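# Coordinate inspection notes
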Amino acid sequence: MTRNGRTALAGYLFLLPNFLGFLVFTSLPVLASLVLSFFGWDLFTPPRFVGLHNFATLMNDHAFWYYGLNTIFLMLAIPVNMMGSLFLAVVMNQKLRGIVVFRTIYFLPSVVAGVGTYLLWRWIFNPDFGLINTTLRAVGIEGPKWLQSITWAKPALMLMGFWNAVGGNNMILYLAALQGVSPELYEAAEIDGADRWQKFWRITWPMVSPTTFFILTMSLIGGFQGGFEQAMVMTGGGPAGATTTISYYIYNHAFLWNHMGYAAAIAWALFTVVFAATLLNWRFGGRVVHY
Amino acid sequence: MKKTATYVVLGVVGLFMLFPFLWQVSTSLKPAGDVFKSFDNPLKALVPRDVHPENYAQVYETTRAMGGGFARWYLNSILVAVAVTLGQVTTSACAAYAFARLRFPGRDKVFLGYLGTMMIPGAVTVIPNFILMREFHALDSYFALIVPAMFSAYGTFMLRQFFMSIPRDLEEAATIDGCGLMRIFTTIILPLSKPALATLTIFTFMSTWQSFYWPLIMTSEDSMKTLPLGLLTFMGLHSTQWTLLMAGSLMMIVPLIIVFVLGQKWFISGIQLGALKG
């Protein structure tokens, strides 16, 4: 065998384990769920081909649109969280004693984000004995019922999300971006008499815009698919569906109500939205980002 | 003056970050009835009246009848997280080596295929995977918990990027000395990639430890649950036992905190490595 032939063979062998797993647990399931979205199937009787029926149902499914709006409402936290991360990064981008300790503390909530902290926050939001309402009562305010209130359940989840995310990956990315900004730019601006605010908007903001763009894209992709674990652990999707997101709705159809075909159809609709948002983001982002 | 202001900001934010944890530790040590007392002063609510460390043992005692309970869930979590991490790092490293260094027909097309799937929501693939496992009667097995999670496009991508940045000179010299590809992989590429491998190991371990959706769908028996699921079941049964719930969830997140503090530098570099794809 030639040397190139041997290299090619080795290439296939090195790739094989991963490729097989990828094929069985990712590629084929993607196709399978697309096929499934044209069927009605309850797992127990044979699948029926229904053509586009699932997608037509989806269009008129009020619950789907309501939960879609819930998902988007929760995503309003994305810009707030990003501004928080950028603010923290700017504060931390200074030579100060003990800064590493603060960075570690800020990062901690994002490290442990998951069922453990969702349970913790469920307790923090307890209307009668939780940390927040106990504190509010001390200053004479009767706090809302948080997770049990249709109005306050979503903001409560967003507040927890802020705590989880603000000091995490995004802050580290902003910090790295800030460290790449040349100090000469700020010195020149100071000579021209720029104040702190002007320096931020004229130098910092444009210089970190590629990072902002990256974080925004990733957050949008994550946001459309998000909200499942929080809803499952903290609210059960309630009250009255107020915290049910698309991913939770897919779960309910697939694994609670055995609507496999319909669930696959919603999952594909979700994928289409994520894909479109990513494309739009790339096209639009190219114009406002300063590289 | 400016420095003082900065420290004040940093300190206030730090308190906001730490307070929930303090509250959690404090709740986990309280006598069961004390969490349902109203306090006029939140600081009084924060300091336990008397300390009950036996709450932590109670977490196990009260769940023992549930297929072995908390201890079993802990062991399951360790087993699954370690196996998935080993599997994922191994298969990713091999595939990444093939993508980065070995020339074969179709290589770049397959790689593009890998990249393309990273955008697909988990909800799309999880339904057929559930059906697959159900058909093969593999639900409620370690196979279902471990094997499907052992293959990662993200890990392959990250390691490939890192391998590409290793200079080729060393490998060329080794080839002239008659080294085979397997030897080059194990004696040159892998040792030089320790930072990337460490990062992937930490990330995979932590995300598998926290994994919720997959085990939720793949298991129904109490004895096969991992920690996040076990805690959830526990909450359903004892919704008012906040002291035990806080102790249990604290025991769940402590390994994460330890891994994070020990591996901090890998963490930071890993976040930046992951962002390169942007």
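Computed from a prediction, not measured in an experiment: that's the story for all the values here.

What follows concerns the overall build of chain A. Helix and strand counts for chain A stand at 15 helices and two strands. The C-alpha atoms of chain A give 24 Å as radius of gyration, which overshoots the globular expectation for 291 residues (19 Å, by more than 25%). Each principal axis of the C-alpha distribution contributes one length, and for chain A these read about 75 × 75 × 35 Å. In chain A, buried positions account for 43% of the 291 residues. Sequence separation of at least 24 residues holds for 67% of the intrachain contacts in chain A that already meet a minimum separation of 6.

Turning to the interface of chain A and chain B, a few remarks are in order. Contact residues are listed per partner, giving 69 residues for chain A and 69 residues for chain B. Ranked by residues supplied to the side of chain A that touches chain B, first place goes to helix α1 (residues 3–36) of chain A with 19 residues. Class assignment for the residues of the side of chain A that touches chain B results in 51 nonpolar, 17 polar and one charged.

Membership of the largest hydrophobic core comes to 145 residues, with the highest contact counts inside it found for Leu119, Ile250, Ala263, Ile266 and Ala267 of chain A together with Tyr97 and Ile127 of chain B. Tallying contributions element by element places helix α4 (residues 69–101) of chain B first for this core, with 13 residues. Beyond its immediate chain neighbours, meaning those up to four positions away, Ile266 of chain A contacts Leu58, Phe64, Ile246, Tyr249, Ile250 and His253 of chain A.

All names here are of chain A. Among the secondary structure elements, Gly180 is positioned in the loop between α9 (169–179) and α10 (183–191). Judged by the 11 C-beta atoms lying within 10 Å of it, Gly180 is exposed. Sequence-wise, Gly180 and Ala277 are 97 residues apart; in three dimensions their C-alpha atoms are separated by 29 Å.

Below, the discussion takes up the domain arrangement of chain A. Partitioning chain A into structural domains gives domain 1 (1–32) and domain 2 (62–288). Its C-alpha centre places domain 1 of chain A at a distance of 37 Å from the equivalent point of domain 2 of chain A.

A residue-level look at chain B finds 94% of positions with pLDDT of 70 or above and a mean pLDDT of 87. If you check the scores for this complex, the pTM reads 0.89 and the ipTM reads 0.88.

Take the packing of helix α3 (residues 55–63) of chain B against helix α14 (residues 242–262) of chain B next. All names here are of chain B. The contact between α3 and α14 brings their axes to 9 Å, and the two run at 95 degrees. As far as their axial angle goes, α14 and α3 are roughly perpendicular. Between α3 and α14, the residues in contact are Asn55, Tyr56, Gln58, Val59 and Thr62 and Thr243, Leu244, Ala247, Gly248 and Met251, respectively. Partitioning the contact of α3 with α14 into residue classes produces five nonpolar, five polar and no charged.

Between Gly238 of chain A and Pro239 of chain A the backbone carries a cis peptide bond, its omega angle lying at -5 degrees. When you line up the elements, Pro239 of chain A lands in the loop between α13 (228–235) and α14 (246–256). Phi is positive for Trp146 of chain A, which is not a glycine, with a value near 45 degrees. Assignment of secondary structure puts Trp146 of chain A in the loop between α7 (131–138) and α8 (153–165). Phi angles above zero are rare outside glycine, and Asp140 of chain B is one such case at about 60 degrees. Summarising the element assignment, Asp140 of chain B is placed in the loop between α6 (122–135) and α7 (142–146). Since 16 C-beta atoms lie within 10 Å of it, Asp140 of chain B is described here as partly exposed.

Calculation rules
- Residues numbered from 1 in each chain as written.
- Chains lettered and ligands numbered in written order.
- Predicted model: local features only at pLDDT ≥ 70, side-chain atom pairs only at ≥ 80, totals over all residues.
- Helix = DSSP H or I, 4+ residues; strand = E, 2+ residues; numbered from the N terminus.
- Rg over C-alpha atoms; globule rule 2.2 N^0.38 Å.
- Buried ≥ 20, exposed ≤ 12 C-beta atoms within 10 Å, placed from the backbone.
- Contact = placed C-beta atoms within 7 Å.
- Nonpolar A, V, L, I, M, F, W, Y, C, P; charged D, E, K, R; others polar.
- Core = buried A, V, L, I, M, F, W, Y, C linked by C-beta atoms within 7 Å.
- Domains from an automatic or database assignment.
- pLDDT = per-residue confidence, 0-100.
- Axes fitted to C-alpha atoms, helices over the stretch in contact; angles between N-to-C directions.
- Parallel < 35°, antiparallel > 145°, perpendicular 65-115°, else oblique.

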